[in-house]
Amino acid sequence: MTLSTSEHELICTLPRRVRDTAPLIHCMTNMVVSNFTANVLLALGASPAMVPAPEDAPTFAAIADALLINIGTLEARQLQAMHMAIAGASDAGKPWVFDPITAGLPFRLAAARELLALKPAVIRGNASEIMALHSIATSNSKGVDSRAKPEEAIDAAQALARSGKAIVAVSGPIDYVTDGTRTLTISGGHPFMTRVTGVGCALNAVIAAYIAGTRDPLLATTAALSVFAQCGAEAAQNAKGTGSFAVAFLDALTQVETLTAAAIG
Amino acid sequence: MTLSTSEHELICTLPRRVRDTAPLIHCMTNMVVSNFTANVLLALGASPAMVPAPEDAPTFAAIADALLINIGTLEARQLQAMHMAIAGASDAGKPWVFDPITAGLPFRLAAARELLALKPAVIRGNASEIMALHSIATSNSKGVDSRAKPEEAIDAAQALARSGKAIVAVSGPIDYVTDGTRTLTISGGHPFMTRVTGVGCALNAVIAAYIAGTRDPLLATTAALSVFAQCGAEAAQNAKGTGSFAVAFLDALTQVETLTAAAIG
Amino acid sequence: MTLSTSEHELICTLPRRVRDTAPLIHCMTNMVVSNFTANVLLALGASPAMVPAPEDAPTFAAIADALLINIGTLEARQLQAMHMAIAGASDAGKPWVFDPITAGLPFRLAAARELLALKPAVIRGNASEIMALHSIATSNSKGVDSRAKPEEAIDAAQALARSGKAIVAVSGPIDYVTDGTRTLTISGGHPFMTRVTGVGCALNAVIAAYIAGTRDPLLATTAALSVFAQCGAEAAQNAKGTGSFAVAFLDALTQVETLTAAAIG
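Residues numbered from 1 in each chain as written. Chains lettered and ligands numbered in written order. Predicted model: local features only at pLDDT ≥ 70, side-chain atom pairs only at ≥ 80, totals over all residues. Heavy atoms only, no water.

**Q** Explain the packing of aromatic side chains here, please?
**A** All names here are of chain A. Applying the stated criterion to the full structure yields 12 aromatic pairs over all chains. Here W96 and F98 contribute two aromatic rings whose centre-to-centre distance is 5.7 Å and whose plane-to-plane angle is 55°, an arrangement assigned as tilted. A relative accessible area of 1% means that W96 is categorised as buried. Pairwise contacts between aromatic rings join F192, F228, F245 and F249 into one cluster. (Phe/Tyr/Trp six-rings, centres within 6.5 Å; stacked < 30°, edge-to-face > 60°. Buried < 20%, exposed > 50% of the residue type's maximum accessible area, 1.4 Å probe, protein only.)

Below is the structure:
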């Protein structure tokens, strides 16, 4: 499905708007990627903050413009604080983005089920993660192939979007973004993006920054994925390996407004 | 207020002394910046160590040459360990540096109030943080504009320094360092320093390394801020964005003895 | 002791095998180095995952190909999860690698004693760490000079290897790897490897990736140390400081199959 001219324009202007408005993003994420996530948001002009304490998390989630929930290194006390932060955000009418890294483990699957019921605005993961989440939502216990391709997850993504009234995005060589009715694709990126830890996790934080204050989360999510696809392609051009790629990726994000938009369909 | 020749000389020789003596810095800091903080200290020749467990923190704080306390991702159990570490450091006559990241949140504000009473040797933050801390110290509950300029915080910094018998530093385009009576300024740096997460947090760790074993914490703190200002300016020269800036910043710190000192007044 | 031709060949082919098989490494490590550890494993083609929760750690350790235990920022709850993960790995016949960072602290020393009894497949540390661990194993309470040279630790390494039926590696300008009977040396590397936080910690994760599924842990451990020595030397060639060194090190790991093997004796 192609974009209208005004839709394309919105997607192209969002990077500038994020830099101008510097949305405050409350990141409750895993310890492996917290530094990279913060640097990605800062490169784009957003304001990251991590407030893990249950005493302060709900207050801060209400102040922030959007909330990120990532269960990649989930522990019981963090899950408790996440529930409280989501309640704080929801009461204040702020959206939250869900990054479901279950790895098929019981504690995390149970946590994902609980969190899914709390109405994330956007869910993004790889094909396996989205299919696993759809299985949870439908109590379908059949296993998920951890090497599923994005194409295989489209049906699950659309169903999940409809049942959860959420935007669902599936990352891969081609990305898919859907509201359950309309499905957009984004091309670009580079395989190095899967070989630097936290690129996907940081993308979810960027989605949070892009949907903050928007009335069109489908297009805002698409814009965030487009930024990553174009900056990934740009960064790969002169990279000698994953080290220089990660550096060039942050550089590309710093000057994203000067890059050509990724191919969106 | 200008520096005497001997003061200027001391500031210029401190980077070499830190590299030669490799002070052991006990960092109790936030999870987002712990890696960058360690790499900054290592680049300068200091020895970072993180010992979060309450069972070991006070023992280690007494062994270390200085202690860093940063409440950026504070949780209750970490606060408990911080109290114990400060007690260990204080009993052993070792100084500690306080990085107050309160974000106006109740749990952190209460923690900052408790910690402030434990006599940090140096406090460094941005203008808003220093003004917030001064409000705490004076039970002044009026709000603090989070975009306060360093100039607006000078009075608060000086009052805080006098009441706490501490050195207080305010970071910004121009930095201010005061003992309550004398106030020095440092020029230099680059806006990218606010767009790489943890630059300010790492600076506080460097202050800890510079004040370790010194008899003049005002000049030692000034020297640390000068190192950051000059390395930030150096790193920005060829940086294409925040990614290459962070890399070049660590490179500049590695060879800081070869750089020209920042402008101090 | 020199390598046979077939042994040398095995060591040279392991980087390719790791990339082709992408072993899943469960990393229970310290918070300072978790990001760098993951990026090192990804650069080599292995699959890192951190699962800290005690509810999931033993399940995941049994699924993973090898387990890494690093006590660099140990806390009580993490130690409990480590015990459970080791049990899960051991029941499933999966090896685990031990990174003993005791810093001479009581809580960590007691933890190291407990963990040592659980039969790690490989132990790697610097000379002081290996000598401290040997002291623990033999209830020898005499202090360990934290600046011990690798040569001084050879006897301790060999004794520890024999008593623990483990491979023991000592890192330094020249590395030593022993099974208690045979001792190999690896030359190469660069002093910058001690000035980027987590290089040693990441090496232990790489050892885990290399011993996964091998029948010769002595050679597999040697291969991992050889990869680090050659990539460290390669990265240092154009590095201007520790920042660009770390980037170039990840780049070298990304293309390790194209580099000449380090000198092994």
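Past the structure itself, the notes keep going.
**Q** Whenever I open this one, unusual backbone geometry confuses me. Can you help?
**A** Glycine aside, a negative phi is what most residues show, and trans is what most peptide bonds show. Unlike most non-glycine residues, K165 of chain B shows phi in positive territory, near 50°. Locating K165 of chain B in the fold gives a position in the loop between α7 (154-164) and β6 (167-171). By relative accessible area, K165 of chain B is classed as exposed at 73%. Positioned with a positive phi, K119 of chain C is a non-glycine residue whose angle comes to about 65°. Structurally, K119 of chain C can be placed in the loop between α5 (106-116) and β5 (122-126). (Helix = DSSP H or I, 4+ residues; strand = E, 2+ residues; numbered from the N terminus.)

**Q** What exactly am I supposed to notice about the interface of chain B and chain A here?
**A** Accessible area lost upon the coming together of the parts serves often as the stated size of an interface. Contacts between the two partners involve 25 residues from chain B, matched on the other side by 22 residues from chain A. In this assembly, chain B packs against chain A so that about 2,000 Å² is buried in total across both faces, 56% of it on carbon and sulfur atoms. Contact with chain A buries area across many residues of chain B, yet V32, L105 and R195 of chain B alone supply 27% of it, more than any other trio. Our enumeration of links across chain B and chain A arrives at 1 salt bridge. Across the salt bridge formed by E75 of chain B and R77 of chain A, the nearest N and O atoms sit 2.6 Å from each other. Inspection of the region where chain B meets chain A yields 13 residue pairs in polar contact (both at pLDDT 80 or more). When contributions to the side of chain B that touches chain A are tallied by element, the ones reaching two or more residues are α4 (76-91), α5 (106-116) and α10 (242-254) of chain B. With 4 residues, α10 of chain B is the single largest residue contributor to the side of chain B that touches chain A. (Contact = heavy atoms within 4.5 Å. Buried area = accessible area lost by both parts, 1.4 Å probe. Salt bridge = Lys/Arg side-chain N within 4 Å of Asp/Glu carboxyl O. Polar contact = N/O pair within 3.5 Å; in protein donor to acceptor, adjacent residues only side chain to side chain.)

**Q** Please explain the pairing of strand β3 (residues 66-70) of chain A as it appears in this structure.
**A** Each regular strand displays side chains that alternate between the two surfaces of the sheet. All names here are of chain A. Where burial is concerned, most of β3 is hidden: 5 out of the 5 residues are buried. Covered by surrounding structure in β3 are A66, L68 and N70 together with L67 and I69, the residues of both alternating faces. Pairing geometry for strand β1 (residues 24-28) and β3, over 4 bridges, is parallel. If you follow H26 over to β3, its bridge partner there is L67. Where β3 lies against strand β4 (residues 96-99), 4 bridges are found, and the strand directions are parallel. Within β4, the residue paired with N70 across the bridge is D99. Taken together, β3, helix α4 (residues 76-91) and β4 constitute a β-α-β crossover, and its handedness is right-handed. (Pairing = 2+ DSSP bridges. Right-handed = clockwise from strand over helix to strand, strands pointing away.)

**Q** Quick question: what am I supposed to make of the relation of the copies chain B and chain A here?
**A** Two chain copies here: they are related by a rotation about an axis and a translation along the same axis. Mapping chain B onto chain A calls for a screw motion: a turn of 120° about the axis and a shift of 0.0 Å along it, with 0.0 Å RMSD after fitting. Viewed as a symmetry operation, the transformation between the two copies matches a three-fold axis. Relative to the rotation axis, the closest C-alpha in chain B is found at M31 of chain B, a distance of 4.0 Å. Interface overlap between copies is the fraction of interface residues in one copy that are interface residues in the other; for chain B against chain A it is only 8%, indicating separate surfaces. (Least-squares fit on C-alpha atoms with pLDDT ≥ 70 in both.)

**Q** Teacher, can you tell me more about the environment of T197 of chain B here?
**A** Relative to the helices and strands, T197 of chain B is located in the loop between β8 (183-187) and α8 (199-211). Residue classification places T197 of chain B among the buried positions, given a relative accessible area of 12%. In sequence terms T197 of chain B and L219 of chain B are 22 residues apart; their C-alpha atoms lie 26 Å from each other. In contact with T197 of chain B, not counting residues within four places along its chain, are N35, A38, N39 and L42 of chain A together with V32, V33 and F36 of chain B.

**Q** Please clarify how the relation of the copies chain C and chain B should be interpreted in this entry.
**A** The transformation that overlays chain C on chain B combines an axial shift of 0.0 Å with a rotation of 120°, and the residual RMSD is 0.0 Å. Here only 8% of the interface residues in chain C have copies in chain B that are interface residues too; the copies meet through unlike faces.

**Q** Is there a simple way to think about the interface of chain C and chain B in this case?
**A** Facing 25 residues of chain C, the contacting portion of chain B comprises 22 residues. Here chain C packs against chain B, burying approximately 2,000 Å² in sum over the two surfaces, 57% of which is carbon and sulfur. Across the chain C-chain B interface, the total number found is 1 salt bridge. Linking chain C with chain B are 12 residue pairs in polar contact (both at pLDDT 80 or more). Going through the elements one at a time, α4 (76-91), α5 and α10 (242-254) of chain C are the ones with two or more residues in the side of chain C that touches chain B. With 4 residues, the top contributor of residues to the side of chain C that touches chain B is α10 of chain C. Residues of the side of chain C that touches chain B, tallied by class, amount to 12 nonpolar, 8 polar and 5 charged. (Nonpolar A, V, L, I, M, F, W, Y, C, P; charged D, E, K, R; others polar.)

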